[in-house]
Amino acid sequence: MLDRQKLETILLRRFPGATRDQVAVSANAIMGLDEEWEEVQCHDFQALAVQLTTGAELRVLRRRAL
């Protein structure tokens with residue numbers, strides 16, 4: 001479970017020029033990820049491997065059926 005206040009603090013530090021409205025909208029979107037999306041295994045490792053060599057962290061998500 002994410003703590004909304006901690007999340008807003010992180011967003012404000014990461015994006016110091018963001019308005020309070022932008023931070024609130026971003027926090028809402030992040031807080032809703034667990035409800036709408038689920039992490040899935042990806043089988044196209046070759047395409048992801050190229051991105052991983054540059055140090056990227058990747059997660060493959062799928063929208064849950066409602």
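**Student:** What is the right way to look at the overall build of the protein in this model?
**Tutor:** For the protein, the helix and strand inventory stands at 4 helices and 2 strands. Helices and strands appear in the protein in the N-to-C order α-α-α-β-α-β. Principal axes of the C-alpha set define a box for the protein whose edges measure 40 × 35 × 20 Å. A total of 66 residues make up the protein; the buried ones form 9% of that total.

**Student:** Please clarify how the layout of surface pockets should be interpreted in this entry.
**Tutor:** To find the voids left in a structure, one rolls a probe of water-molecule size over its atoms. Its boundaries defined by the atoms lining it, the largest pocket holds a volume of some 210 Å³. Forming the boundary of the largest pocket are 10 residues, of which Leu33, Asp34, Glu39, Arg59 and Leu61 lie nearest the centre. Of all the secondary structure elements, the ones that give two or more residues to the lining of the largest pocket are α3 (33–36) and β1 (37–39). With 3 residues, β1 is the largest single contributor of residues to the lining of the largest pocket.

**Student:** Teacher, can you tell me more about the environment of Ala24 here?
**Tutor:** Mapped onto the elements, Ala24 comes out in helix α2 (residues 20–31). Taking the C-alpha atoms as reference, Ala24 lies 33 Å from Thr53; in sequence the two are 29 residues apart.

**Student:** Honestly, the confidence of the model for the protein in this entry has me stumped. Any pointers?
**Tutor:** Low-pLDDT stretches of the model should not have their predicted coordinates read in fine detail. On average, residues of the protein carry a pLDDT of 83, and 95% of them reach 70 or more. For the protein, the element scoring lowest by mean pLDDT is α3, at 74; helix α1 (residues 4–14) scores highest, at 93.

**Student:** For this particular structure, what's the right way to read the environment of Asp34?
**Tutor:** Mapped onto the fold, Asp34 is located in helix α3. Owing to a relative accessible area of 56%, Asp34 belongs among the exposed residues under this scheme.

**Student:** Quick question: what am I supposed to make of the packing of α1 against α2 here?
**Tutor:** Axis angle and axis distance: for two packed helices, these are the angle between their axes and the distance between the axes, and together they describe the pair. At a minimum axis distance of 10 Å, the contact between α1 and α2 shows a crossing angle of 125 degrees. Looking at the two axes, α1 sits oblique to α2. Crossing of α1 over α2 shows right-handed handedness. Across the interface between the two elements, Arg4, Leu7, Glu8, Leu11 and Leu12 from α1 touch Arg20, Val23, Ala24, Ser26, Ala27, Asn28, Ile30 and Met31 from α2. Residue composition of the contact of α1 with α2, grouped by class: 8 nonpolar, 2 polar and 3 charged.

Analysis parameters
Residues numbered from 1 in each chain as written. Predicted model: local features only at pLDDT ≥ 70, side-chain atom pairs only at ≥ 80, totals over all residues. Heavy atoms only, no water. Helix = DSSP H or I, 4+ residues; strand = E, 2+ residues; numbered from the N terminus. Buried < 20%, exposed > 50% of the residue type's maximum accessible area, 1.4 Å probe, protein only. 1 Å grid on protein atoms, 1.4 Å probe; cavity = no way out; pocket = protein on both sides within 12 Å on 5 of 7 lines; lining within 4 Å. Points joined across faces, edges and corners; volume = space filled by probe spheres on them. pLDDT = per-residue confidence, 0-100. Axes fitted to C-alpha atoms, helices over the stretch in contact; angles between N-to-C directions. Parallel < 35°, antiparallel > 145°, perpendicular 65-115°, else oblique. Left-handed = near helix turned anticlockwise from the far one by under 90°. Contact = heavy atoms within 4.5 Å. Nonpolar A, V, L, I, M, F, W, Y, C, P; charged D, E, K, R; others polar.

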